[in-house]
Amino acid sequence: MTLSSTGDLVAAAQVAGRAVAAFNVITLEHAEGIVAGAERAGASVILQISENAVKFHGGRLLPIACAARMVAEGADVPVSLHLDHVESESLLHQAADAGFSSVMFDASHFDYAENVAATRRAAEWAHENGLLIEAELGMVGGKDGVSLGAHDPGARTDPAEAAEYVAATGVDALAVAVGSSHAMTERTAGLDFGLIARLRDAVPVPLVLHGSSGVPDDALAKGVREGIVKVNIGTALNVAYTGAVRTFLAQDARAVDPRKYLTLARTGLADAVAQMLAVIS
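Parameters and conventions
Residues numbered from 1 in each chain as written. Predicted model: local features only at pLDDT ≥ 70, side-chain atom pairs only at ≥ 80, totals over all residues. Heavy atoms only, no water. Helix = DSSP H or I, 4+ residues; strand = E, 2+ residues; numbered from the N terminus. Expected span 1.5 Å × (residues − 1). Buried < 20%, exposed > 50% of the residue type's maximum accessible area, 1.4 Å probe, protein only. Arc of directions from axis to C-beta. Contact = heavy atoms within 4.5 Å. Core = buried A, V, L, I, M, F, W, Y, C linked by side-chain atoms within 4.5 Å. Phe/Tyr/Trp six-rings, centres within 6.5 Å; stacked < 30°, edge-to-face > 60°. Salt bridge = Lys/Arg side-chain N within 4 Å of Asp/Glu carboxyl O. pLDDT = per-residue confidence, 0-100.

Q: Got a minute to help me understand helix α4 (residues 61-73) in this structure?
A: Because an α-helix packs 3.6 residues into every turn, residues spaced three or four apart end up facing the same way. Counted at 1.5 Å a residue, the expected span for α4 with its 13 residues is 18 Å, and the 18 Å between its end C-alpha atoms agrees. Turning to α4, its buried residues are Leu-61, Ile-64, Ala-65, Ala-68, Val-71 and Ala-72. For α4, the angular spread of buried residues about the axis comes to 125°, placing them on one side. Away from the buried face of α4 by more than 90 degrees, exposed residues Pro-63 and Met-70 are located. Lining the buried residues of α4 we find α2 (28-41), β2 (45-50), α3 (51-56), β3 (79-86) and α5 (89-92).

Listed below in structure tokens is the structure:
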């Protein structure tokens, strides 16, 4: 199957009242396991590679991007490539030539005005090169006047500010702070469903939920019903992947062939993907 466009997958999910899942790719086995799980579920999927993953690969985007693209093009379901949490403009400008149809530009570490300016520049470049662009906005000015990052405990995205931000930057999708948090290994996050609904009504672009690994199934499904259109999942895959490796090596401490335990890791990851897709589809 040919590589799909993230914009097409997001638009189709929005029309159908469901969400499309974007799963983090770190190794080739991640990409293979994600696609295997998506094929089992019969669902479209986004393979996303973060700037941190690129750093893990020595700062070289093309090797992991090309590997992911080959896996995507061999899939029996629609698959797109997304470059995630990009802070470097140099990396951003490699996206189009590397096969990505979308990028998440992360200027959330700046104050609001600088965030807007940097994201607007990124959006202009992305649109000139045919890419969908996502950005992220948490609550600027948190409790006691302390600014909160989008995934700090207690951070929330203000609907009016979000609408203003989208209009000022021209982004095509917005990741919002509604109660989830990155890197959670336990599924205990509580989503603010009322806020999701208010954001859905205020913001004219699809809403994205980062940190979805920490959200229980029922809450994740309800979040989608209330207006989340793209769901980002990373840590849950690594929990399954690493757990399979730990179990195998605990049973056979003399094992040295990585194919034996990486096969189990890839299968465990695929199981996690299929389960998550069943929740949001």
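From this point, the narrative continues.
Q: Sorry if this is basic, but what is going on with the nonpolar core here?
A: Within soluble globular proteins, side chains that are nonpolar tend to cluster in buried spots. The biggest cluster of nonpolar side chains holds 85 residues, and the ones touching the most others in it are Phe-23, Ile-34, Leu-47, Ile-49, Phe-100, Leu-174 and Ile-280. At nine residues, the largest contribution of residues to this core is made by helix α11 (residues 258-280). In contact with Phe-100, other than residues within four places in its own chain, are Ile-49, Leu-61, Ala-65, Leu-81, His-82, Leu-83, Ala-95 and Leu-131. Core analysis: the second largest hydrophobic core is formed by seven residues, Val-10, Ala-13, Ala-22 and Ile-46 among them.

Q: Sorry if this is basic, but what is going on with the packing of aromatic side chains here?
A: Aromatic rings in a pair are described by how distant their centres are and how their planes are angled relative to each other. As enumerated under the stated definition, the model contains two aromatic pairs in all. Ring geometry for Tyr-112 against Tyr-165: centres 6.1 Å apart, planes inclined by 50°, an arrangement best described as tilted. Of this pair, Tyr-112 sits in helix α6 (residues 112-128) while Tyr-165 sits in helix α7 (residues 159-169), placing them 53 residues apart in sequence. This pair shows no difference in class: Tyr-112 is buried, exactly as Tyr-165 is. Between Phe-248 and Tyr-261 the ring centres are 6.1 Å apart and the planes differ by 50°, which places this aromatic pair in the tilted class. Taken together, the positions of Phe-248 in helix α10 (residues 235-251) and Tyr-261 in helix α11 put the pair 13 residues apart, joining distant regions of the chain.

Q: Can you walk me through the pattern of salt bridges in this structure?
A: Oppositely charged side chains can pair when the atoms bearing their charge come close. Going through the model one piece at a time under the given rule, you end up with nine salt bridges. Where Glu-32 meets Arg-266, a salt bridge forms, and the shortest distance between an N and an O atom there is 2.8 Å. Note that Glu-32 is positioned in helix α2 and Arg-266 in helix α11, a separation of 234 residues in sequence. When its relative accessible area of 29% is taken as the criterion, Arg-266 is described as partly exposed. Bridged by salt links that share partners, the residues Arg-200, Asp-201 and Glu-226 form one connected network.

Q: Can you help me understand the confidence of the model for the chain in this one?
A: Detailed reading of the predicted model is not advised wherever pLDDT is low. Across the chain, the average pLDDT comes to 90, with 90% of residues at 70 or higher. Throughout residues 140-146 the model reports pLDDT below 50, and contacts reaching past four residues in sequence, or to other chains, amount to seven contacts.

Q: Where do I start with α10 in this structure?
A: With 17 residues, α10 ought to run about 24 Å at 1.5 Å a step, and its terminal C-alpha atoms sit 24 Å apart, in line with that. When we look at burial in α10, the residues that qualify are Thr-235, Ala-236, Leu-237, Ala-240, Tyr-241, Ala-244, Val-245 and Phe-248. As for α10, its buried residues are in contact with β1 (20-24), α2, β8 (228-233) and α11.

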